[in-house]
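Secondary and tertiary structure notes
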Amino acid sequence: KKWNILFFGSDDFSCSILEKVIQKDLASHIHVVVPSSKRIGRNRQELYIPELLRLSQRLSLPTTTWARPFALPSTFSDTRSPTNLLLSASFGHLIPSSVIDAFPHTQALNVHPSLLPRWRGPAPVFWTLLNGDKHTGVTIQELQKGAFDGGRILGQVHTNVGLEDDYAILLGRLKESAGDLTVDVLKNFDKYKAQIQTQDMNGVSHAPKITRDHARINWDEWDRATLHLYNRALRHKVALPLACRLLLTKTTAQQHHLWTYFLPSPPPENKPITANHKPYRLSFVSLSSTPLSPTTKEVLSHQIKSVGEFSAWKEAGRYRLAVRMKDGWLEVDRVQVLREGRPKELSAGEWFTGYVKARAVEGKFISSLKDEHGAELSAALH
């Protein structure tokens, strides 16, 4: 049979599912529901438009922007129709019980990129990678009234997580798996419905929304292995091979780099404090994949003793910059300076020569603008 589908979604993950359903000709009618567009980014200058909205417009599908209260489209007014199906993926809003109740039993479904009950919540891919999970997958579950990701499970598909998988690579595989599983469930719905099962509460873990602070480097606590996990989990949608970015939510395309604070050393005695001595945020756009030589490591170990301190040196005509960590060194390739107006991207060498050497300031990278006693290091952060 062909389904009359009310499809809730927002991002690339939901787009891939909808496209597979259309390709396999499984729907007689599809009505799309998307979150509202919003302004994001620095000073809210960029208008975010859900990818699913772009897709639905391209395919000329009837589309509604989400609002409360939500009115069912007229094509779903016959609540007894056995072909009516609510399908959601990465929607980002709790669908009301009244909407779920308008569909036949077990025909209000959600597609989720984890093996539920593991990683319930809006950021399962990030937490899968950050936790170093070796396996993950996709779940199709019955929508639960009044809560996210706690419904009965109709089907799952598993995938391994490679050691070098980052956010974009893993999400790409999960998108394919989600589309294939959705198609199979819709084709063989009675079989999946017959094997529906309740989630095991002993296996529940949560994947809360990502915030900018998740990308802030903690020099005092992170070792290199932890930084590698964050690097994998935050990389997304950039051309540079080791760029560090993240999605704040599955419904927002706003992105941030892995970042830290740079605290310049105070001026010598009897010298005034200038703008050059004020702390500011610095993002690490990409990390170097070139290993440091044993000789370089030995020299650095004698020069730099404390975490967050760094050294820059010229090699083969360009500057290299390495930062001390708890258990070794982090070499930074490109940075973004967040001061003096709009963000400015530079090579690490350009930042060192232009912002440190040329301004005659030294300093170190720090995790917080508060000292060990909780006092503010500076109230003048740019």
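1. Thoughts on helix α9 (residues 348–357)
Within α9, burial applies to Ala348, Gly349, Trp351, Phe352, Tyr355 and Val356. On an axial view of α9, the arc spanned by its buried residues comes to 165°, and they lie on one face.

2. Observations concerning the pattern of salt bridges
Tallied over the full model, the rule gives 15 salt bridges. Of the charged contacts, one joins arginine 320 and glutamate 315 as a salt bridge, the two residues approaching to 2.7 Å between their closest N and O atoms. Classification of glutamate 315 by relative accessible area gives partly exposed; the value is 33%. Residue arginine 320 is joined to glutamate 331 by a salt bridge in which the shortest nitrogen-to-oxygen separation is 2.7 Å. In this pair, arginine 320 is assigned in strand β14 (residues 318–325) and glutamate 331 in strand β15 (residues 328–338), connecting sequence segments 11 residues apart. In terms of burial, arginine 320 and glutamate 331 fall into one category: buried. Several salt bridges share partner residues, and in doing so they unite Lys20, Glu176 and Asp180 into one network.

3. A few points about the packing of helix α1 (residues 12–23) against helix α5 (residues 167–187)
Relative to each other, α1 and α5 sit at 40°, their axes nearing to 8 Å. By crossing handedness, the relation of α1 to α5 is classed as right-handed. Residue-level contacts link Asp12, Phe13, Ser16, Ile17, Lys20 and Val21 of α1 to Leu171, Leu174, Lys175, Glu176, Ala178, Gly179, Asp180, Thr182, Val183 and Leu186 of α5. Along the lines of polarity and charge, the residues of the contact of α1 with α5 split into eight nonpolar, three polar and five charged.

4. What about the environment of valine 307?
Its place among the elements puts valine 307 in the loop between α8 (294–303) and β13 (310–315). Here valine 307 falls in the partly exposed class, since its relative accessible area comes to 22%. Considering only alpha carbons, one finds valine 307 and tryptophan 329, 22 residues apart in sequence, at a separation of 9.3 Å. When residues no more than four places from it in sequence are discounted, the contact partners of valine 307 are Trp219, Asp220, Arg324, Met325, Lys326 and Lys364.

5. Overview of the pairing of strand β6 (residues 84–89)
Most of β6 sits inside the fold, with six of its six residues counted as buried. Alternating residues of β6 divide into Asn84, Leu86 and Ser88 and Leu85, Leu87 and Ala89, and every residue in both groups is buried. Pairing between strand β1 (residues 3–9) and β6: six bridges, direction parallel. Along β6, the bridge assignment pairs isoleucine 5 with leucine 85.

6. Digging into the packing of α1 against helix α2 (residues 51–58)
Interhelical geometry of α1 versus α2 gives an angle of 30° and a closest axis separation of 8 Å. In this view, α1 runs roughly parallel relative to α2, as classed from their interaxial angle. Between α1 and α2, the residues in contact are Asp12, Ser14, Cys15, Leu18 and Glu19 and Glu51, Leu52, Leu55 and Arg58, respectively. Class assignment for the residues of the contact of α1 with α2 results in four nonpolar, one polar and four charged.

7. Considering the packing of aromatic side chains
Centre distance and the angle of the planes are the two values used to describe a pair of aromatic rings. Scanning all chains against the criterion turns up 23 aromatic pairs. With a centroid separation of 5.1 Å and 85° between ring planes, the pair formed by phenylalanine 126 and tryptophan 127 is classed as edge-to-face. Tryptophan 127 shares its class with phenylalanine 126; the two are buried. Counting every residue linked through ring pairs, the aromatic cluster contains Trp219, Phe262, Tyr280, Phe284, Phe310, Trp351, Tyr355 and Phe365. Just above the ring of tryptophan 259 sits the side chain of arginine 212; from NZ or CZ to the centre is 5.4 Å.

8. So, the confidence of the model for the protein chain
Mean pLDDT over the protein chain works out to 88, with 89% of the residues at or above the 70 mark. Here residues 237–255 is modelled with pLDDT under 50, and outside its nearest four sequence neighbours on either side it reaches 77 contacts, counting other chains as well.

Conventions used here
- Residues numbered from 1 in each chain as written.
- Predicted model: local features only at pLDDT ≥ 70, side-chain atom pairs only at ≥ 80, totals over all residues.
- Heavy atoms only, no water.
- Buried < 20%, exposed > 50% of the residue type's maximum accessible area, 1.4 Å probe, protein only.
- Helix = DSSP H or I, 4+ residues; strand = E, 2+ residues; numbered from the N terminus.
- Arc of directions from axis to C-beta.
- Salt bridge = Lys/Arg side-chain N within 4 Å of Asp/Glu carboxyl O.
- Axes fitted to C-alpha atoms, helices over the stretch in contact; angles between N-to-C directions.
- Left-handed = near helix turned anticlockwise from the far one by under 90°.
- Contact = heavy atoms within 4.5 Å.
- Nonpolar A, V, L, I, M, F, W, Y, C, P; charged D, E, K, R; others polar.
- Pairing = 2+ DSSP bridges.
- Parallel < 35°, antiparallel > 145°, perpendicular 65-115°, else oblique.
- Phe/Tyr/Trp six-rings, centres within 6.5 Å; stacked < 30°, edge-to-face > 60°.
- Lys NZ or Arg CZ within 6 Å of the ring centre and 35° of its normal.
- pLDDT = per-residue confidence, 0-100.

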